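Spelled out, the chains give:
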Amino acid sequence: MSVQMTVPADPVDVIFDILASKGDADYGGECVSQLQHALQCAMLAEQAGAPSPLIAAALLHDIGHLIDDRAHQMRDSGVDARHEAQAERYLKQWFGPDVTQPVRLHVDAKRYLCATDIAYWDSLSDGSKKSLEMQGGPFDRTEELEFIDLPYARDAVMLRRWDDMAKLKDAVTPPLKHFRPHITSALLG
Ligand code: FE
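Below is a summary of the structure that appears in this document.

Cut-off values and rules
Residues numbered from 1 in each chain as written. Predicted model: local features only at pLDDT ≥ 70, side-chain atom pairs only at ≥ 80, totals over all residues. Heavy atoms only, no water. Helix = DSSP H or I, 4+ residues; strand = E, 2+ residues; numbered from the N terminus. Rg over C-alpha atoms; globule rule 2.2 N^0.38 Å. Buried < 20%, exposed > 50% of the residue type's maximum accessible area, 1.4 Å probe, protein only. Polar contact = N/O pair within 3.5 Å; in protein donor to acceptor, adjacent residues only side chain to side chain. Core = buried A, V, L, I, M, F, W, Y, C linked by side-chain atoms within 4.5 Å. 1 Å grid on protein atoms, 1.4 Å probe; cavity = no way out; pocket = protein on both sides within 12 Å on 5 of 7 lines; lining within 4 Å. Points joined across faces, edges and corners; volume = space filled by probe spheres on them. Contact = heavy atoms within 4.5 Å. Phe/Tyr/Trp six-rings, centres within 6.5 Å; stacked < 30°, edge-to-face > 60°.

A few words now on the overall build of the chain. Of the regular secondary structure elements, the chain holds 13 helices and zero strands. Since a compact globule built from 189 residues should have a radius of gyration of about 16 Å, the 17 Å found for the chain is in line with a globular shape. Structurally, the chain occupies a C-alpha span of about 65 × 30 × 30 Å along its principal axes. Across the 189 residues that make up the chain, the buried fraction comes to 49%.

Turning next to the side chain of D68. Locating D68 in the fold gives a position in the loop between α4 (63–67) and α5 (70–76). Reaching out from D68, the side chain makes a polar contact with the side chain of Q86 at a distance of 2.8 Å.

This next bit is on the nonpolar core. Of all hydrophobic cores here, the largest spans 36 residues; its most connected members are L19, L59 and F95. The set of elements that each furnish at least two residues to this core consists of α1 (11–22), α2 (34–47), α3 (52–60), α4, α6 (83–91), α7 (97–104), α12 (153–165) and α13 (180–186). A109, C114, L124 and F147 belong to the second largest nonpolar core, which has 14 residues in total.

The next point concerns empty space enclosed by the protein. Applying the stated criterion across every chain, the model contains one cavity of 30 Å³ or more. As a volume, the largest cavity reaches approximately 50 Å³. Lining the largest cavity are L19, Q34, H37, A38, L59, L60, H61, D62, I63 and L66. Of all the secondary-structure elements, those providing two or more residues to the lining of the largest cavity are α2, α3 and α4.

What follows is about the environment of D155. Tracing the backbone through its elements, the reader meets D155 in helix α12. Sequence separation of D155 and L113 is 42 residues, and the distance between their C-alpha atoms is 13 Å. Sequence-distant contacts of D155, that is, excluding residues within four places in its chain, are made with L54 and P102.

Turning next to the environment of Q93. Relative to the assigned elements, Q93 resides in the loop between α6 and α7. A polar contact is formed between the side chain of Q93 and the backbone oxygen of Y90, at a distance of 3.0 Å.

Summed over the entire model, instances satisfying the criterion amount to three aromatic pairs. For the ring pair Y90 and W94, a centre distance of 5.3 Å and an interplane angle of 85 degrees mean the geometry is edge-to-face. A single burial state applies to Y90 and to W94, both of which are buried. When the ring of F139 is compared with that of F147, the centres are 5.8 Å apart and the planes differ by 45 degrees; the resulting orientation is tilted. Of the residues examined, F147 reaches a relative accessible area of 3% and is grouped as buried.

Structural data, given as structure tokens:
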């Protein structure tokens, strides 16, 4: 009798399969696809000299939209699917808090920036302004101070700024495989 050995899949392959196969979904009514958005966000993080875990977080911050088929439907009916919490739960099987926490906090970082930077709200896309309301609107002063004290909150704010810039139609980015070394090095040992 032969025994079949199953070799566990490389997590990076699993993740890249999701991005490559589902990433052509539109990005919340923006003019870029989910995959283009993820690549632009990771490219901006890399250009800013971010460490590998934060580049991984930038690439994967919206994976919650791709692993939950109900997400689009819920958003269209005005319900927040909490994609950032779904992404955190999913990613923590492979990554530590230096990846999962900026991802989890990237929506609250928008609420923080809207409360602390007057020009920020103005700069948001219409889609992002709309989802802000579903996400609870700008933080009040107490929430703002509590947020920025959290571990990885500052990383989440940086990620948020790249996220908001990563919506350019026709921007040229490196291919997905370019980011593999960053993702691999961010995996839990
Ligand atoms: Fe995003």
